[in-house]
Amino acid sequence: MASRLKVFEWSDGFHRFTVAASSRSKALAAWGIQQDIFASGLAREAVETEDEAAARARPGTVIERGLAVDVRQIGSRRPRRPAPARPSPAQTRRIEALAVALQKLETSHAAACARLEEERRRIEAEGEAAEQRFNKEKAELVRKLEAARKA
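Calculation rules
Residues numbered from 1 in each chain as written. Predicted model: local features only at pLDDT ≥ 70, side-chain atom pairs only at ≥ 80, totals over all residues. Heavy atoms only, no water. Helix = DSSP H or I, 4+ residues; strand = E, 2+ residues; numbered from the N terminus. Contact = heavy atoms within 4.5 Å. Core = buried A, V, L, I, M, F, W, Y, C linked by side-chain atoms within 4.5 Å. Buried < 20%, exposed > 50% of the residue type's maximum accessible area, 1.4 Å probe, protein only. Phe/Tyr/Trp six-rings, centres within 6.5 Å; stacked < 30°, edge-to-face > 60°. Salt bridge = Lys/Arg side-chain N within 4 Å of Asp/Glu carboxyl O. Pairing = 2+ DSSP bridges. Axes fitted to C-alpha atoms, helices over the stretch in contact; angles between N-to-C directions. Arc of directions from axis to C-beta.

Overview of the side chain of R16
Part 1 of the argument: Tracing the backbone shows R16 in strand β2 (residues 15-21).
Part 2 of the argument: In this structure R16 touches E9, W10, S11, E50, D51, I63, E64, R65 and L67, once residues within four positions along its chain are discounted.

Written out as C-alpha cells, the structure reads:
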C-alpha cells in the first residue's frame, strides 16, 4: 500500500519551496536540508496552496515560486561578522599569559591568607594570655583590698 502524500512548504523570504512527500524527512531530503526546519517552525505542512496541485502531480520534485519583495519595506542591516574559527597565535599567547598571571595571583593570595590566619591566631593567643594575667592580678588586688578593709 502506497503511503499517502502530504504537501510541505518553506520559504527563505524570496522563494517558496513546495514538495509532495510521504513524510517530513523525505521533504527535507528533497529540499537538500539536513536540519529539521519543521521543529523551528520554518517549514510546515501546506494547506490549500497554489502550488499544491503541481507538487502532487510530481511527488518528490521541489516546486519553487518567487515571492514579490517590496524593497521599500526592507531596512538596512549591518552585515554580520563571521566568528573566528579559532584564536589567532597572538590571542593564544595572550590567553596563556593571562592564565599564568591568574595562577600567580591565586597562589600569592593563598599565601597572604595563610600569613594573616597565622597572625590572627598569634594575636588571639596573646590576647588570651593578657586576659589571664589581668584576671590573676585583679584577683590578687581584690584579695589584698578586702584584707586591708578588714584590718
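This is not the end of the story, as more comes after the structure.
A look at the nonpolar core
Part 1 of the argument: In terms of nonpolar packing, the biggest core is built from eleven residues, these being F8, W10, F17, V19, A21, A27, L28, W31, I37, F38 and A43.
Part 2 of the argument: Of all the secondary-structure elements, those providing two or more residues to this core are β1 (6-11), β2 and α1 (24-31).

Some remarks on the packing of aromatic side chains
Part 1 of the argument: For the structure on display, the rule yields four aromatic pairs.
Part 2 of the argument: With a centroid separation of 5.1 Å and an interplanar angle of 25 degrees, the aromatic rings of W10 and F17 are classed as stacked.
Part 3 of the argument: Under the relative-accessibility criterion, W10 is labelled buried at 16%.

Regarding the pattern of salt bridges
Part 1 of the argument: Applying the stated criterion across every chain, the model contains 13 salt bridges.
Part 2 of the argument: D51 is the salt-bridge partner of R16, the closest N and O atoms lying 3.9 Å from each other. Of the two residues, R16 is situated in strand β2 and D51 in the loop between β3 (43-45) and α2 (52-57); the sequence distance between them amounts to 35 residues.
Part 3 of the argument: A salt bridge links R120 to E124, with the nearest nitrogen and oxygen atoms 2.6 Å apart. With a gap of four residues between them, R120 and E124 both fall in helix α3 (residues 89-150), about one helical turn apart.

Overview of the sheet that holds β2
Part 1 of the argument: Taken in spatial order, the four strands make up an open sheet running β3-β1-β2-β4, and their pairing is antiparallel. Strands at the two margins of the open sheet, each flanked by one partner only, are β3 and β4 (63-66). Recorded for the sheet is a direction-independent mean angle of 20 degrees between the axes of neighbouring strands.
Part 2 of the argument: Pairing between β1 and β3: three bridges, direction antiparallel. If you follow W10 over to β3, its bridge partner there is A43.
Part 3 of the argument: In this fold α1 packs onto β1, β2 and β3, with an angle of close to 130 degrees to the strand it touches most, β2.

Considerations on the pairing of β2
Part 1 of the argument: Across the seven residues that make up β2, a large majority, six, are buried.
Part 2 of the argument: Looking at chain direction, β1 and β2 are connected through six bridges and run antiparallel. Directly across from S11, in β2, lies its bridge partner R16.
Part 3 of the argument: Count of turn residues in the β1/β2 antiparallel hairpin: three residues, of which G13 carries a positive phi of about 100 degrees.

Structural notes on α1
Part 1 of the argument: Turning to α1, its buried residues are A27, L28 and W31. Around the axis of α1, the buried residues are gathered within 100 degrees of arc, so they sit on the same side. Within α1, the exposed residues directed more than 90 degrees away from the buried face are S25 and A29.
Part 2 of the argument: The inward-facing, buried residues of α1 contact β1, β2 and β3.
Part 3 of the argument: A positive phi of about 80 degrees marks G32, the residue just after α1.

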